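# Tertiary structure, described
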Amino acid sequence: MLFGASAGVSLALIYFIDPASFWIALPLTIILLLVAERNHNLTMIHIRESKLLELSQRFKLAMDSSNIGLWELNGDDACYLDGRAAGLHGYPTTENEFSLSRWLEAVVPEDRIKITDFLTHCTQGEETHSEVYRVQLRSGELRYLRAAGSNYSTADGARHTSGIIWDVTSDMQVAETLKNSVYSSHVKNAELELALQELSSREHDLMELSRRLDFALQSYNCGIWEANLSTDHSYWDRRMHQLYGLDYTTGYTDRATWLNCLHPDDREKASADADRCAANNEPFSSIQRVLLQDEEVRYVRSVGSIHIDRDGLRKVIGIAFDITADVRLADELKAAKEEAEARNAELIEAKSHIEHNALHDPLTGLPNRRKLDLELDYLTSSPVAAGRARFAILHLDLDRFKQINDTLGHAAGDATLARAAELLRLNVGDAGVIARIGGDEFVILISQVTDKYIVTSIASNIIAAFQHPFDFQGFTCRCGVSIGIAFGDAQDNDARKILINADLALYRAKAMGRNRYEFFTQNLQAEIVNHKRTADEILAGLEKGEFETWYQPQLCARTGEIAGMEALVRWRHPTRGLLTPDKFLGIAEELDVVQALDRLTLQSALQDRRLWSLKGLEIPRVSVNVSIRRLHDAQLLESLHQLYIMPGEVVFELVESIFLDDSDEQVVQNLDQVKELGIDIEIDDFGTGHTSLISLLRLKPKRLKIDRQLVMPILGSPQERALVRSIIDIARSLGVETVAEGVETMEHAAMLKDMGCDILQGYAFAAPLPAQEFSAYAMQQELRRVS
Ligand code: C2E
Ligand code: CA
Ligand code: CA
């Protein structure tokens, strides 16, 4: 009896380890049993026989319920696949006369080498080998099969190669999907090389993991179980006990023992799975966590199906196997996937951060020039362009920004820009895109303009907002803004062209006195083209010597002697004739050629004066008009040194607006050094600006030159007369001389003399004269005075 039981268990083990030899071992065992138990009566033999048959039946059922097929190689090309194995390959289950080539036919071509290698390994030793391969079913579906097998010898010494095959599609698909999703989430970010590097190392990890999976599958240990539904008793084989961490005694167990092996959280579900199987005649399928020693957890998949045995008892027969490695692999892949996704998110974040930085100005956070270019391209090249009627570009330039930056430092400059950005954001809102495109230059792009009024109201709101002074570390700062506006049509205009137009309008706004907005017009364009041509002509004229210096005498009010002369530029234009400064000076100023004219005038004045001196005609001094640009020139002193100017010989006439607008460091420094050279400073056009007399006098000018607009009306207007008188009085009290310009008649001269004015200049004596005529005039004047 005992022998019979142990023979049964041995058979079961043989069946599992080496199913092919089971069929050989089974009759052998029966014969052995018959011999060993020959003293027992026939009844006993029948009982044993039937038990063995039952046992074999149980294993067959276990194989059926888990759909494990058998294979065997029978030399050369011949082989055996049982019905299940044939079915797994998509062949009819009745087909069992197989050839190796027929077997391989079902395998996808890429996996055929793998499977022949596997079979070769199996024939070479008793070690168990295992391999996964894919079968292409007629439906087009791919099925993953795992084959395990080895070489063994039977009792008669013959050697056989055989093994089992089962379906692992669902497990492989999970692994494959995870593998793919890890892969694809990386590929998504293919542009980022970084991610690709990451991916290749991840792929390496995946291969490592799949090797480990192979290894785990090699030691695939299936346990077999049978649960009697009417008694709650179960039979578990040794492997089942091993799997659930139990010691093997009788092989019999019950539901409570089973559940007790499980993780408390899994017990309820496992129990419910079993109940559902029993109640609905459903196949049993469940994954459970088995709690082992030291808190170790083993994942076990258990599958089975209902079977009614000969006695009419309902049983569930099935197998269970360790899927810990698979679960761990899936977990690792899931973690890898999550990590890859997180990394992706990080990379996307980093990418957008980098992109943002490349397209935005760090100080104000506004889009920069590059971003504006992209917006302009988008505006006219995108399909949306067709649907848009008109767009507007506003080009803004801060007034007095340079002064704030130069006098209060860069921190103040930065604060001014940040405040400007804030004011623009407040006033533009969602209506347009604001970009900072240069030091103190901004552009507003309004891509959909239905009404011109919207644009003008934005522009005037901005100008009004900038009027308010703001505080920077206790200093009150004022910074205005000039705006040029141009409109374009998204369908026909190049947006960049419109930006240039806005720039031209801005230039006009600045020329018109700043703190205002101007629109681009066709006239403006024509005017600018004209200006540009004039500027080119000025430059050419300078080279060709078309500029002349004329002189107007200045007389001492008391003695009538020539006290000096003012040098005034004239242009002998090749086609337009002789031009006075009002025809070209504005343009020269805008286009930065005015310094060259100033330098030329001073040079020729000094040259003429020295020439006349050689001839015996002494003109005490020469006054030259100096433009603000010249005063900004860092090379001014250098060029003055080269002229060997004698102290008192030269007077610089500076208009008062110079001191109003640009009390810049360079200007102040240049002025001090100019004075050190012995050059006198005169404030020209005095009385027209708004600078207080006191603040001008702080610059310690030698003279004030009262503007002709104040001088000319003194005969008829008592107010102007009083004004001129008080200017003269105040200047005198401060030790500053006065010059009156625009002295048109001798009556003017007499009145100014009475008021105490020191020097007189005007048509009453002479208009500006060419050098030759001036020297003749001066000679005559000298003669007349002497005689
Ligand atoms: P300004 O400095 O006020 O020069 C005096 C202007 O008044 C001269 O005009 C002169 O012709 C005019 N004028 C002289 N006497 C009388 C008079 O009795 N009545 C009237 N109504 N006008 C008189 P001009 O030569 O056309 O010069 C105009 C302006 O051009 C000058 O005004 C000066 O600011 C500027 N300018 C002339 N030459 C130069 C130069 O070489 N460099 C610079 N930067 N500016 C110059
Ligand atoms: Ca002048
Ligand atoms: Ca003047």
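Per an unreviewed UniProt entry, the protein carries the name EAL domain-containing protein and comes from Agrobacterium cavarae.

Helix and strand counts for the protein come out as 30 helices and 29 strands. The 787 residues of the protein split such that 48% are buried. Here the contacts in the protein between residues at least 6 apart in sequence split such that 61% fall between residues at least 24 apart. For the protein, the exposed area adds up to about 39,600 Å²; of that, 53% sits on carbon and sulfur atoms.

Turning our eyes to something else, we now look at the pattern of salt bridges. With the rule as written, the count across this model stands at 39 salt bridges. Between Asp397 and Lys510 there is a salt bridge, and its shortest N-O distance comes to 3.4 Å. Of this pair, Asp397 sits in strand E13 (residues 390–399) while Lys510 sits in helix H18 (residues 495–511), and the two are 113 residues apart along the sequence. A relative accessible area of 28% places Lys510 in the partly exposed class. Put simply, Lys705 and Glu566 hold a salt bridge, and the shortest N to O gap is 2.7 Å. Of the two residues, Lys705 sits in strand E26 (residues 703–706) while Glu566 sits in strand E21 (residues 562–573), which places them 139 residues apart along the sequence. Look at the salt bridges and you will find they share partners, linking Glu566, Glu653, Lys705, Arg708 and Glu741 into a network.

Taken together, the protein ligands of the calcium ion (ligand 2) are Glu566 (OE), Asn625 (OD1), Glu653 (OE) and Asp684 (OD), with distances of 2.0 to 2.3 Å. Between the calcium ion (ligand 2) and the calcium ion (ligand 3) the interatomic distance amounts to 3.9 Å, and Asp684 serves as a bridging ligand to the pair. Taken as a pair, Glu566 in strand E21 and Asp684 in strand E25 (residues 680–686) lie far apart in primary sequence, 118 residues in all. Each member of the pair, Glu566 together with Asp684, is buried.

To continue, consider the pairing of strand E5 (residues 142–153). For E5, the buried fraction is high: 10 of the 12 residues fall into the buried class. Looking at chain direction, strand E4 (residues 129–136) and E5 are connected through eight bridges and run antiparallel. What sits directly across from Glu131, in E5, is Ala147. Taking the residues between adjacent antiparallel strands as the criterion, E4 and E5 are bridged by five residues, where Gly140 takes a positive phi near 95°. As defined by bridge partners, E5 adjoins strand E6 (residues 159–167) across nine bridges and the pair is classed as antiparallel. Each residue of the ladder has a partner; that of Ser150, found in E6, is Ser162.

The local shell around ligand 1 holds 23 residues, among which Gln552, Arg570, Asp598, Glu744 and Tyr763 are the closest. Contact distances for ligand 1 include 3.0 Å between an oxygen atom and a side-chain N or O atom of Asp684. When residues of the shell around ligand 1 are traced back to their parent elements, those giving at least two are E21, helix H21 (594–614) and E25. Ranked by residue count, the leading element in the shell around ligand 1 is E21, at four residues.

With that settled, consider the sheet that holds strand E18 (residues 480–489). The strands making up a sheet associate through backbone hydrogen bonding, with each pair oriented either parallel or antiparallel. Sheet architecture is open: five strands sit in the order E14-E15-E13-E18-E19, paired in mixed fashion. Unpaired on one side and paired on the other, strand E14 (433–438) and strand E19 (517–519) mark the two borders of the sheet. Recorded for the sheet is a direction-independent mean angle of 20° between the axes of neighbouring strands. Looking at chain direction, E13 and strand E15 (residues 441–446) are connected through six bridges and run antiparallel. Directly across from Ala392, in E15, lies its bridge partner Ile446. Taken strand by strand, helix H16 (residues 410–428) contacts E13, E14 and E15, and its axis lies near 15° from that of E15.

What follows concerns the packing of helix H15 (residues 401–408) against H16. Helices that pack against each other are described as a pair by the angle of their axes relative to one another and the distance between those axes. As a packed pair, H15 and H16 sit with axes 6 Å apart at the nearest point and diverge in direction by 145°. Seen from H15, the contacting residues are Phe401, Ile404, Asn405 and Leu408; seen from H16, they are His410, Ala412, Gly413, Thr416 and Leu417. Across the contact of H15 with H16, the residue classes break down as five nonpolar, four polar and no charged.

What counts and how
- Residues numbered from 1 in each chain as written.
- Chains lettered and ligands numbered in written order.
- Predicted model: local features only at pLDDT ≥ 70, side-chain atom pairs only at ≥ 80, totals over all residues.
- Heavy atoms only, no water.
- Helix = DSSP H or I, 4+ residues; strand = E, 2+ residues; numbered from the N terminus.
- Buried < 20%, exposed > 50% of the residue type's maximum accessible area, 1.4 Å probe, protein only.
- Contact = heavy atoms within 4.5 Å.
- Areas by Shrake-Rupley, 256 points an atom, 1.4 Å probe, with all protein chains shown as cover.
- Salt bridge = Lys/Arg side-chain N within 4 Å of Asp/Glu carboxyl O.
- Donors = N, O, S within 2.8 Å, 3.2 Å for Na, K, Ca; no water.
- Pairing = 2+ DSSP bridges.
- Near = heavy atom within 4 Å.
- Polar contact = N/O pair within 3.5 Å; in protein donor to acceptor, adjacent residues only side chain to side chain.
- Axes fitted to C-alpha atoms, helices over the stretch in contact; angles between N-to-C directions.
- Nonpolar A, V, L, I, M, F, W, Y, C, P; charged D, E, K, R; others polar.

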